[in-house]
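# Observations on the three-dimensional arrangement
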Amino acid sequence: MSAASETFLREAAEKAADGELREIVRKGVEHYDAAVRRGRARFLDWEAARERCREIKREAIDRLDLYLEEFERRVKERGGQVFWAETAEDASRYVADLAARAGVRSVVKSKSMVSEEIRLNVALESRGIKVWETDLGEFIVQLREEPPFHIVTPAMHLTRSQIADLFREKLGGVATDDPGELTAIARRELRRAFFSAEMGVTGANFLVADLGAIAITTNEGNARLCSSLPRIHVAIAGIEKVIPRAEDLATLWPVLATAGTGQPITCYNTLIAGPRTASEPDGPEEFHVVLLDNGRSRLLADPEQREVLRCIRCGACLNACPVFRTIGGHAYGAIYSGPIGSVLTPHLRGLGEFQHLSFASSLCGACAEVCPVKIDLPLHLLQNRRNAVAAGLRPTRERAGFGLWQWAAASGWRFGVVGWAARAAAKMAQKTGLAGTVLDPARSWTKRREMPEIPAQSFRALWRKKHGAG
Ligand code: SF4
């Protein structure tokens with residue numbers, strides 16, 4: 001068992017037993033579900049919009065090289081710079097070197113999961129550069145020194161009184177737990193940071209090839225400030241974020257907003273196409289785009305799973321997932337949690353360490369039903385499981401169990417004998433009180449669940465009695 005897998009099992013058990021956390025997540029998801037129901041009803045045809053998004057992203061992924069080159073060419077034509085980062089380290093080193101060369105002392109960042117993926121804050125802070133997360137949720141989790149809980153709502157796991165306590169401890173003099181006042185306090189802190197930072201870092205929801213522009217969508221307007229006030233703007237995005245045309249945003253933006261939060265459209269939608277020109281009074285002097293691969297090309301080369309690159313990071317599959325709802329985002333031990341994280345992380349960080357995540361699913365299919373770009377997430381979870389088994393990464397006991405099952409299920413009489421032995425063992429465990437103890441071979445199941453009463457007769461015996469055949 002990998003270290004990541006052991007940590008996951010321990011954390012998942014702890015979080016699942018944390019009633020308070022589960023209640024907070026339940027309430028958050030309930031609000032989200034109601035908002036999304038209303039949001040979808042605003043579309044003339046939600047299913048047609050999903051289908052269109054799938055087609056746009058499929059076209060982009062199928063011709064990724066072409067669209068990325070077009071995007072790069074147009075960014076450069078407007079005076080921007082493009083850096084192709086093969087690994088997370090290449091990307092964070094590029095940004096940290098750039099900041100060091102330009103004498104940057106503080107950086108303001110808008111929410112970017114890719115910047116989490118490349119551990120940008122660590123790279124910058126190791127050079128003595130102060131980093132300010134300016135999305136309110138990210139600001140809160142940064143103060144708590146923890147990663148985002150959810151890819152869209154990073155502080156979803158916290159109550160307002162917990163946030164008030166945090167602000168009191170870290171910012172001082174906070175005598176309120178009113179959400180509006182807490183937001184105003186954060187705003188005051190961040191205003192100072194915006195005006196003093198020399199570099200702004202943002203993600204990009206989309207890279208628009210025919211414009212050579214990045215498209216960013218936020219509810220707080222912080223990405224606009226990050227990208228316009230400091231003298232250097234760096235946008236970091238996975239290569240899969242490219243889309244062919246500006247007109248595609250007419251579908252993608254409202255669908256992303258609705259699937260992400262239930263809004264008809266997110267409050268601030270911005271297109272940025274380069275540094276400040278001679279005729280513009282403000283904006284950054286330098287504009288850099290970091291295009292991150294970090295395993296995505298491998299995924300692109302995999303005909304079975306390349307559709308995973310269609311993901312627009314709306315977070316809908318996390319909210320729909322009963323496992324995420326039970327254990328939350330931190331237990332996954334990965335930047336991307338929930339169903340998309342369980343599919344993606346083994347590709348980004350290695351099957352050997354993270355194959356267990358694909359087994360943390362009931363395969364109920366709720367994620368695929370809500371995904372706005374129609375990614376067949378349960379299928380990809382199954383493919384990851386198959387790959388893990390083929391690579392010999394599953395525990396010996398599990399492999400032996402399935403080997404026995406395969407051997408028994410291939411023959412009627414063997415199935416009967418194994419079934420009889422299993423029933424006898426289960427009855428014995430119940431009779432002797434071994435069930436749930438360390439001596440119980442099914443302990444990983446029974447330590448938290450009641451073993452159901454074993455019926456007096458097996459299904460086979462009942463069938464024979466009723467139909468007269470085995
Ligand atoms: S897989 Fe689909 S539902 Fe999940 S985050 Fe990506 S786009 Fe949203």
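This is a predicted model, so every value here is computed, not measured.

### What about the packing of aromatic side chains?
One pass over the structure, following the stated rule, counts eight aromatic pairs. Judged by centre distance (6.0 Å) and plane angle (70°), the ring pair of phenylalanine 139 and phenylalanine 167 falls under edge-to-face. A residue pair is termed long-range when its members are at least 10 positions apart, and phenylalanine 139 in helix H8 (residues 136-143) and phenylalanine 167 in helix H9 (residues 160-171) qualify at 28 residues. Accessibility expressed as a relative area gives 2% for phenylalanine 139, which makes it buried. Under the relative-accessibility criterion, phenylalanine 167 is labelled buried at 1%.

### Let's talk about the packing of H8 against H9
Where H8 meets H9, the closest approach of the two axes is 10 Å, and the angle between their N-to-C directions is 60°. In this view, H8 runs oblique relative to H9, as classed from their interaxial angle. Every pair of crossing elements has a handedness; the one defined by H8 and H9 is left-handed. Across the interface between the two elements, Phe139, Ile140 and Leu143 of H8 pack against Ile163, Leu166, Phe167, Lys170 and Leu171 of H9. Taken together, the residues of the contact of H8 with H9 sort by class into seven nonpolar, no polar and one charged.

### What to know about helix H19 (residues 377-390)
Over its 14 residues, H19 runs 20 Å from end to end, which matches the ideal 20 Å to within 8%, given 1.5 Å per residue. Residues Leu377, Pro378, His380, Leu381, Gln383, Asn384, Arg385 and Ala388 constitute the buried set of H19. Packing partners of the buried residues in H19 comprise helix H14 (316-320), helix H16 (338-349), helix H17 (351-354) and helix H18 (366-370). Glycine 392 sits one or two residues past H19 and shows a positive phi near 70°.

### Focus on the sheet that holds strand S8 (residues 242-243)
As summarised here, the arrangement of the four strands in space is S8-S5-S6-S9, forming an open sheet in which the pairing is mixed. The open sheet has two edge strands, S8 and strand S9 (268-272), and neither has a second partner.

### Structural notes on a nonpolar patch on the surface
A surface patch of nonpolar side chains, amounting to about 360 Å² of accessible area, comprises Phe402, Trp405 and Phe415. With respect to the secondary-structure elements, phenylalanine 415 resides in helix H21 (residues 412-432). Since its relative accessible area comes to 32%, phenylalanine 415 is described here as partly exposed.

### So, the nonpolar core
Met199, Phe206, Leu207, Ile214, Val234 and Ile236 are the most contacted members of the largest nonpolar core, which has 105 residues in total. Ranked by residues supplied to this core, first place goes to helix H5 (residues 88-101) with seven residues. Of the domains in this structure, domain 1 (1-41 + 322-394) and domain 2 (56-156 + 199-297) are the two that each give at least three residues to this core. Formed by 22 residues, the second largest nonpolar core is a distinct cluster that contains Trp132, Leu143, Leu182 and Cys226.

### Here we look at the packing of helix H3 (residues 46-62) against helix H12 (residues 249-261)
Two numbers describe how H3 lies on H12: the axes approach to 10 Å, and their chain directions differ by 120°. The handedness of the crossing between H3 and H12 is left-handed. Side by side, H3 and H12 meet where Trp46, Ala49, Arg52, Cys53 and Ile56 of the first sit next to Thr251, Leu252, Val255, Thr258 and Ala259 of the second. Looking at the contact of H3 with H12 residue by residue, the class counts come to seven nonpolar, two polar and one charged.

### Remarks on the site of the ligand
Taken together, 13 residues lie around the ligand, and Cys311, Cys314, Gly315, Cys317 and Cys371 are the ones closest in. Grouping the constituent residues of the shell around the ligand by class yields eleven nonpolar, one polar and one charged.

### Notes on H5
Under the 1.5 Å per step criterion, the end-to-end length of H5 is 20 Å for 14 residues, consistent within 8% with the ideal 20 Å. Among all positions in H5, only Ala88, Ala91, Ser92, Tyr94, Val95, Ala96, Leu98 and Ala99 are buried. Buried residues along H5 sit against strand S1 (81-85), helix H6 (113-117), helix H7 (120-125), strand S4 (199-202), strand S7 (232-238) and strand S10 (286-292). Remark: glycine 103 follows H5 within two positions and exhibits a positive phi of approximately 70°.

### Here's the deal with the domain arrangement of the protein
Split into domains, the protein comes out as domain 1 (1-41 + 322-394), domain 2 (56-156 + 199-297) and domain 3 (411-467). Summing both partners gives a buried area of about 1600 Å² for domain 1 against domain 2, and 69% of it is carried by carbon and sulfur. Contact with domain 2 buries area across many residues of domain 1, yet His330, Ile335 and Tyr336 alone supply 35% of it, more than any other trio. In this structure, the connection of domain 1 to domain 2 is made through zero salt bridges. At the junction of domain 1 with domain 2, the criterion picks out three residue pairs in polar contact (both at pLDDT 80 or more). At ten residues, the largest contribution of residues to the side of domain 1 that touches domain 2 is made by helix H2 (residues 19-41).

Criteria and thresholds
- Residues numbered from 1 in each chain as written.
- Predicted model: local features only at pLDDT ≥ 70, side-chain atom pairs only at ≥ 80, totals over all residues.
- Heavy atoms only, no water.
- Phe/Tyr/Trp six-rings, centres within 6.5 Å; stacked < 30°, edge-to-face > 60°.
- Helix = DSSP H or I, 4+ residues; strand = E, 2+ residues; numbered from the N terminus.
- Buried < 20%, exposed > 50% of the residue type's maximum accessible area, 1.4 Å probe, protein only.
- Axes fitted to C-alpha atoms, helices over the stretch in contact; angles between N-to-C directions.
- Parallel < 35°, antiparallel > 145°, perpendicular 65-115°, else oblique.
- Left-handed = near helix turned anticlockwise from the far one by under 90°.
- Contact = heavy atoms within 4.5 Å.
- Nonpolar A, V, L, I, M, F, W, Y, C, P; charged D, E, K, R; others polar.
- Expected span 1.5 Å × (residues − 1).
- Pairing = 2+ DSSP bridges.
- Patch = residues over 30% accessible without salt bridge, like charges linked within 9 Å, V, L, I, M, F, W, Y side chains within 5 Å.
- Areas by Shrake-Rupley, 256 points an atom, 1.4 Å probe, with all protein chains shown as cover.
- Salt bridge = Lys/Arg side-chain N within 4 Å of Asp/Glu carboxyl O.
- Core = buried A, V, L, I, M, F, W, Y, C linked by side-chain atoms within 4.5 Å.
- Domains from an automatic or database assignment.
- Near = heavy atom within 4 Å.
- Buried area = accessible area lost by both parts, 1.4 Å probe.
- Polar contact = N/O pair within 3.5 Å; in protein donor to acceptor, adjacent residues only side chain to side chain.

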